[in-house]
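Each chain, letter by letter, is given below.
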Amino acid sequence: MDLPLNPFKAALRRSEPLYGIWAGFATPYAAEIIATTGYDWMLVDGEHAPNTVPTLLAQLQAVAPYATHPVVRAVHGDAVLIKQLLDAGVQTLMVPMVETAEQARALVQAMRYPPHGIRGVGGGLTRATRWDAVPDYIRTAHEQLCLIVQIESRLGVENAAEIAAVDGVDAVFIGPADLSTGMGHAGDASQPEVQDCIRRTIETTLAHGKACGILAPREEDARRYTDWGCRFVAVAIDISLMRQAAVANLARYRAPTQPAIVSTTY
Ligand SMILES: O=C(O)C(=O)C[C@H](O)[C@@H](O)CO
């Protein structure tokens, strides 16, 4: 069989925005539900959701029949973990807290086989090669792999040009929560100096011919970042959507201040 294509990587080169959703439930069942809703991509979060390599694999398998593309965020940029994720069939990998070009180059190396990198060969043991059904995987894998590095610190913003320039970095994704918190604004990305960093990072990334993305669950933020040039925007978080809907639904019957009648005491 042919090496599965990466339509997300190809779409990053187009001009229309790609709308995504954070998938934080860490279960294949919830991931599959999300995959049926029509978003262009979903972020399967291995950083802050309680995921492991096997749970990420199960979610990849669950969403495989659907058009929504799974972007998997690793908990960190360790080359050994990246090897396992790629072997499990991750095509688009996001790595948090990349602050230097050196870190970005190490990530590219982790995703490439020698002589271009250090990725170990899993061959017929791996889902990535479809258990060896894909011929010539070693020579062609990099064509369909996509690396997204997260810039989410002041240092990362300062080094954005060098990071975006790294050959093999396909896109930059801004983390507004970590960026604003690291700048002393406790998750408030609306602060002018945070907005300035976000805008500069977008402009710098685009100037290096790379796509830029961001998490923006509030509509006005999503529209502004899209106007500023963001190509892929996560406009929702599944867990937040469920909680907001549950709270709003109950509020139709009972005031939010009124305690639950049935309560569990610890
Ligand atoms: O800094 C950010 O913003 C992100 O990287 C996304 C957060 O980690 C996300 O988990 C918020 O829910």
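Given the structure is predicted, the values throughout are model-derived calculations rather than measurements. (Residues numbered from 1 in each chain as written. Predicted model: local features only at pLDDT ≥ 70, side-chain atom pairs only at ≥ 80, totals over all residues. Heavy atoms only, no water.)

**Looking at the UniProt feature "domain: HpcH/HpaI aldolase/citrate lyase" (unreviewed entry) in the protein chain**
For clarity, the threshold we go by: UniProt positions are given in the numbering used here, feature names are shortened, and annotations may be inferred rather than shown by experiment. Each helix corresponds to a stretch of at least 4 residues labelled H or I by DSSP, and each strand to a stretch of at least 2 residues labelled E; elements are numbered beginning at the N terminus.
On the UniProt side, "domain: HpcH/HpaI aldolase/citrate lyase" (unreviewed entry) is annotated at positions that read residues 19-244 here. Annotated as residues 19-244, this span is 43% helix and 18% strand, and its ends, taken at the C-alpha atoms, are 20 Å apart.

**Thoughts on the environment of Pro135**
Condition: Working definition: with a 1.4 Å probe on protein chains only, accessible area under 20% of the residue-type maximum means buried, over 50% means exposed, and in between means partly exposed.
As for its position among the elements, Pro135 is in the loop between helix H5 (101-110) and helix H6 (137-144). Look at Pro135 and you get exposed, because its relative accessible area is 56%. Each C-alpha atom of the pair Pro135 and Ile163 lies 33 Å from the other, and the pair is 28 residues apart in sequence.

**Describing the packing of aromatic side chains**
Our working rule: Any two of the Phe, Tyr and Trp rings considered here, Trp counted by its six-membered ring, make a pair once their centres fall within 6.5 Å; the pair's planes then place it as stacked at under 30 degrees, edge-to-face at over 60, or tilted in between. Throughout this description, the term charge over a ring refers to an Arg CZ or Lys NZ atom that lies within 6 Å of the ring centre and within 35 degrees of the ring normal.
Inspection of the entire model under this criterion finds 8 aromatic pairs. Seen from the ring of Tyr225, Arg224 lies directly overhead, with NZ or CZ sitting 5.0 Å from the centre. The residue whose ring lies beneath Arg224 is Trp228, and the NZ or CZ to ring-centre distance is 5.6 Å.

**A few points about the site of the ligand**
Just so we agree on the cut-off: Whether a residue is near a molecule or strand depends on its heavy atoms: it is near if one of them lies within 4 Å of it. In protein, a polar contact requires one atom able to donate a hydrogen and another able to accept it; more generally it is a pair of N or O atoms within 3.5 Å, and residues adjacent in sequence count only if both atoms are side-chain atoms. Using the Shrake-Rupley algorithm and a 1.4 Å probe, accessible areas are obtained, with residue cover drawn only from the displayed protein chains. Residue type decides the class: Asp, Glu, Lys and Arg count as charged, Ala, Val, Leu, Ile, Met, Phe, Trp, Tyr, Cys and Pro as nonpolar, and the leftover types, Gly among them, as polar.
Near the ligand, the surroundings consist of Trp22, Asp45, His48, Arg73, Gln150, Glu152, Gly175, Pro176, Ala177, Asp178, Leu215 and Ile237. A distance of 2.9 Å separates an oxygen atom of the ligand from a polar atom in the side chain of Gln150. Here the ligand has 330 Å² of accessible area as a free molecule, and 82% of this is covered by the chains. At 3 residues, helix H9 (residues 176-182) tops the list of elements feeding residues into the shell around the ligand. Here the residues of the shell around the ligand are counted per class, giving 5 nonpolar, 3 polar and 4 charged.

**Brief notes about helix H10 (residues 192-207)**
Because an α-helix completes one turn every 3.6 residues, residues spaced three or four positions apart along the sequence face the same direction. Keep this limit in mind: The span expected for a helix works out to 1.5 Å for each residue beyond the first. In this context, the arc is that of the directions from the helix axis out to the C-beta atoms.
Helix length check: H10, at 16 residues, gives a terminal C-alpha distance of 22 Å against a target of 22 Å (1.5 Å per residue), a fit within 8%. Considered for burial, the residues of H10 that qualify are Val194, Gln195, Cys197, Ile198, Thr201, Ile202 and Thr205. Buried residues of H10, seen end-on, are gathered within an arc of 160° and therefore sit on one face of the element. Opposite the buried face of H10, by more than 90 degrees, sit the exposed residues Pro192 and Ala207. Once H10 ends, the next one or two residues include Gly209, with phi positive near 75°.

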